[in-house]
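A closer look at the structure
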Amino acid sequence: MNAIEIFKHLPGGLKIENANCKECGFPTCMAFAIKLASKNTQIEKCPFVSKELKQLFEEANIIQQHEINLGNDIKSGGETVMFRHEKTFVNPTRFYITLSSNDIHFDTKLNDIADYEIERVGETFKIDGIYLIDKGNINETIHKIKAKSLNVILKTKKITEEFENVDNIIIEADEFLDVKKKNTIVVSSDNIEILSQKSDTVQKEGFKSLILKYENIENKDIKSVINDLTNIRFEAIENKNQAFAYPVMTRIKEQDINKIAAIASLLICRYSNVIVFDVFDKSLFSGLFTLRQNIFTNPQKPLQVESKIYEINNPKENLDKAIVVMTTNFALTYFAVANELEAIDTPTFLLITPSDGMSVLTAWSAEKFTADMVKKMVNENEILNGLKHKIIIIPGLLASMKEELEEILPNWKIIVGTNEAFEIPQFIEKLNKQIINV
Ligand code: SF4
């Protein structure tokens, strides 16, 4: 509930006796409502709160989907909206790989998984954990996985005390009688009604941290899988159904990479919080991490890099050959341009304007990429005065700024660059031959 909604139900908003009486410790009912909405005070502080407001407040504060700590600061769940554009998604889909504890290639596979990482638009991605099937020798195996900073979801039949004492092991078993209530457990079914009943049962037994495993997707058509997963998420988010108020896990047993890519893409979009893969393939995950990043980026905060001068190919040591290239601080634009510049030999100062993470044309339309901004950045960076060739290459899409820039930066030659980043190497090679003579 926001402050206005709360205030409407307080004596101040209802204009009745006790309005602004200060008994809550705040000067007015509105001040109390603001603090309550931001969770900086408790509703009990006002002795005049109506039963109706108490009930509304309790309903509004029911957790839609609990956030579960998987280990190593990796969290899952915590979602509050059905669609990213409504607000944002909170935690990206987590990726686990299935390994069996008696696999003779266990160490090699584990090393491959642990060593795999990719960087994209300034973020580094790794596999989140191992879905470990207990086939004996389990304690040593868990120790090896944890030594690689990977998380564990353990599928086992037999619960022993040793499991309970290892931090952040999530346990999937047929019975939870011997599991301590502080452990996260996996409750599973291929039927959402049964999943709901099982979830209710273990919550009544005292378990507070669950993962709901929607299983056997290999035996269903993908449409019904997505329907069921959407219904689970809808129940959690819109109806605040506590049986479904936990992250959902699926396992892809498929071995064909193309089919895995298609199924996993759908599960990332709708609505698997954790996906377990029986196959580890680097090219597959490169694509899935890219999709995941796009879906889980906060739409209110475009990915952006710091606005400053980036030095590429040692321009300070090569002022006689260096050029200046300019673009916005939208992360995708920055990395596309920087990658192309790094691939060639030309020493370059890459000037990144403070454009609120907008792409070139958007920034120009919103007046976040202006001639004055370019002038300011050029004048503030004295190192640029030492350049032999006073050349600034601006994005091809901003050709219309050329004349204005030449007017306010009379000592500089403004060159209109390419529309696309991939054209940069050829463009600079030509420029080197024609103007810089290197
Ligand atoms: Fe208003 Fe209640 Fe605070 Fe009095 S105690 S000022 S009625 S919110």
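Residues numbered from 1 in each chain as written. Predicted model: local features only at pLDDT ≥ 70, side-chain atom pairs only at ≥ 80, totals over all residues. Heavy atoms only, no water.

Observations concerning the site of the ligand
What surrounds the ligand is the set Pro 11, Asn 18, Asn 20, Cys 21, Lys 22, Glu 23, Cys 24, Cys 29, Phe 32, Cys 46, Pro 47 and Phe 48. Residues belonging to the shell around the ligand are distributed by class as follows: 8 nonpolar, 2 polar and 2 charged. (Near = heavy atom within 4 Å. Nonpolar A, V, L, I, M, F, W, Y, C, P; charged D, E, K, R; others polar.)

Let's talk about the environment of Leu 387
By secondary structure assignment, the location of Leu 387 is in the loop between helix H14 (371-380) and strand S16 (391-394). Given the relative accessible area of 3%, Leu 387 is considered buried. Between the alpha carbons of Leu 387 and Ala 322 there is a distance of 6.7 Å; along the sequence they are 65 residues apart. Beyond its immediate chain neighbours, meaning those up to four positions away, Leu 387 contacts Leu 319, Ala 322, Val 324, Phe 349 and Trp 412. (Helix = DSSP H or I, 4+ residues; strand = E, 2+ residues; numbered from the N terminus. Buried < 20%, exposed > 50% of the residue type's maximum accessible area, 1.4 Å probe, protein only. Contact = heavy atoms within 4.5 Å.)

Points about the sheet that holds strand S14 (residues 323-328)
One open sheet accounts for 5 strands, arranged S13-S15-S14-S16-S17; its pairing is mixed. Strands with a single pairing partner mark the edges of an open sheet, and in this sheet they are strand S13 (309-312) and strand S17 (413-416). Adjacent strand axes in the sheet meet at a mean angle of 25° when their direction is disregarded. Of the strand pairs in this sheet, S13 and strand S15 (residues 348-353) are connected by 4 bridges, and their pairing is antiparallel. By the bridge assignment for S15, Ile 309 is matched with Leu 351. Its contacts with the sheet place H14 against S14, S15 and S16, and it is angled at close to 135° to S15. (Pairing = 2+ DSSP bridges. Axes fitted to C-alpha atoms, helices over the stretch in contact; angles between N-to-C directions.)

Some thoughts on the pattern of salt bridges
For the structure shown, the criterion picks out 16 salt bridges. A salt bridge links Lys 213 to Glu 215; the shortest N-O distance between them is 3.4 Å. Since its relative accessible area comes to 21%, Glu 215 is described here as partly exposed. (Salt bridge = Lys/Arg side-chain N within 4 Å of Asp/Glu carboxyl O.)

Quick notes on the sheet that holds strand S7 (residues 151-155)
As summarised here, the arrangement of the 8 strands in space is S3-S6-S7-S8-S9-S10-S11-S12, forming a closed barrel in which the pairing is parallel. When strand polarity is set aside, the average angle formed by the axes of neighbouring strands in this sheet is 30°. Across 2 bridges, strand S10 (residues 210-214) lies against strand S11 (residues 248-252) in parallel orientation. Across the sheet, Lys 213 pairs through a bridge with Met 249, a residue of S11. Against the sheet, helix H8 (residues 192-205) touches strand S9 (185-189) and S10, its axis set at about 150° to S9. Packed on one face of the sheet, helix H11 (residues 282-296) meets strand S3 (94-100) and strand S12 (274-277) and runs near 150° to S3.

Quick notes on the nonpolar core
Phe 95, Leu 132, Phe 277 and Phe 285 are the most contacted members of the largest nonpolar core, which totals 73 residues. When sequence neighbours within four positions are dropped, the list of residues in contact with Phe 277 reads Phe 95, Tyr 96, Ile 97, Thr 98, Ile 252, Ile 260, Ala 264, Leu 284, Phe 285 and Leu 288. Ranked by size, the runner-up nonpolar core spans 23 residues in total, among them Ala 322, Leu 351, Ile 394 and Leu 405. (Core = buried A, V, L, I, M, F, W, Y, C linked by side-chain atoms within 4.5 Å.)

Some thoughts on the packing of helix H9 (residues 222-237) against helix H10 (residues 257-269)
Packing of H9 against H10 brings their axes to within 10 Å, and their N-to-C directions diverge by 20°. Classified by the interaxial angle, the pair formed by H9 and H10 is roughly parallel. Crossing handedness for the pair H9 and H10: right-handed. Residues Ile 222, Val 225, Ile 226 and Leu 229 of H9 pack against Ile 263, Leu 266 and Leu 267 of H10. (Parallel < 35°, antiparallel > 145°, perpendicular 65-115°, else oblique. Left-handed = near helix turned anticlockwise from the far one by under 90°.)

Any functional reading would require information beyond the geometric quantities listed.
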